[in-house]
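Structural description and commentary
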Amino acid sequence: MQPSTTAEAASADNRLRELPSQQVSRLHTGWQSALDTPTAREALARLDQFLAQRLQDGATIYPAHIFRALEALAPEDVRVVILGQDPYHGPGQAQGLAFSVPDDCPAPPSLRNIFNELAREYPDQPPRRKNDLSDWSRQGVLLLNTSLTVEQGAAGSHARKGWEAVTDALIDAVARSPHPKVFLLWGNHAQSKQAAVEAHGSLCKVFKSNHPSPLSALRPPRPFIGCGHFTQANTWLNSMGQPAIDWL
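Residues numbered from 1 in each chain as written. Predicted model: local features only at pLDDT ≥ 70, side-chain atom pairs only at ≥ 80, totals over all residues. Heavy atoms only, no water.

Quick look at unusual backbone geometry now. Residue Tyr-62 is joined to Pro-63 through a cis peptide bond whose omega torsion reads -10 degrees. With a phi angle near 75 degrees, Phe-99 is a residue other than glycine that sits in the positive phi range. A positive phi angle, close to 60 degrees, is found at Arg-160, a residue other than glycine. Structurally, Arg-160 can be placed in the loop between strand 4 (150–151) and helix 8 (163–176). (Helix = DSSP H or I, 4+ residues; strand = E, 2+ residues; numbered from the N terminus.)

Structure, rendered in structure tokens:
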């Protein structure tokens, strides 16, 4: 789909231009503190070097706003964490929010399955129409990938380049905060964080399933379709005295 205005064209150009260290400086101080550890600082320095070299080599990297998932939230504001793997790798898709794309972009298969599960869990409600999930973010849902950059057309291309140490530090900051929060761990990448999350005790509730990708959404032993995670998350939040998320 071609953007119809100059403004839309600018927003659709989601290519990376600023290195991670430049973008970290604009984050909430809680996130900056989480990343101010020797391990995270070293990982960010390696990522700066790696990404600068790949850009110099002519690679197209997404997204432009690496840490957008953190911009609307402080660690203590997070009520639900949804962990993805890495950003979408097509032009105009990745926004820095896991699974989310702009409303004028067709929903990728994983997002369509998320909406299918929502329709299954809320059969009496109108189906969700917005592909942009920033309204979830504003309600305290952290939409975080385990790797925060990717090269065009190459899923997983920036895995094991240092992002895992960065996102571990961010997840730890949320898990340590003294308020109830739900972790929805979809797929093996996300579930690799389970032990670290659960080490922080009963204020962290974990729900697990396969990834919503069509390759795994219906596969046993924990199919994503039918997981009930959206209603289960709200039921648990309510039981802890927290308001529910409006998923629709």
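Having seen the structure, we can now continue with the description.
Right, let's talk about helix 8 for a bit. It helps to recall that an α-helix has 3.6 residues per turn; residues three or four apart then point in one direction. Over its 14 residues, helix 8 extends 20 Å from the first C-alpha to the last, a length consistent with the 20 Å expected when each residue adds 1.5 Å. Restricting attention to buried positions, one finds in helix 8 the residues Trp-163, Val-166, Thr-167, Ala-169, Leu-170, Ile-171, Ala-173, Val-174 and Ala-175. (Expected span 1.5 Å × (residues − 1). Buried < 20%, exposed > 50% of the residue type's maximum accessible area, 1.4 Å probe, protein only.)

A word on the packing of aromatic side chains. If you walk through the whole model with that rule in mind, you get seven aromatic pairs. Seen in terms of ring centroids, Trp-186 and Phe-224 are 4.9 Å apart; in terms of plane orientation they differ by 75 degrees. Their pairing is edge-to-face. Residue Trp-186 is found in strand 5 (residues 181–186), and its partner Phe-224 is found in the loop between strand 6 (204–209) and helix 11 (229–239); the two are separated by 38 residues along the sequence. Assigned by exposure class, Trp-186 and Phe-224 land together as buried. Pairwise contacts between aromatic rings join Phe-99, Trp-136, Trp-186, Phe-224, Phe-230 and Trp-247 into one cluster. (Phe/Tyr/Trp six-rings, centres within 6.5 Å; stacked < 30°, edge-to-face > 60°.)

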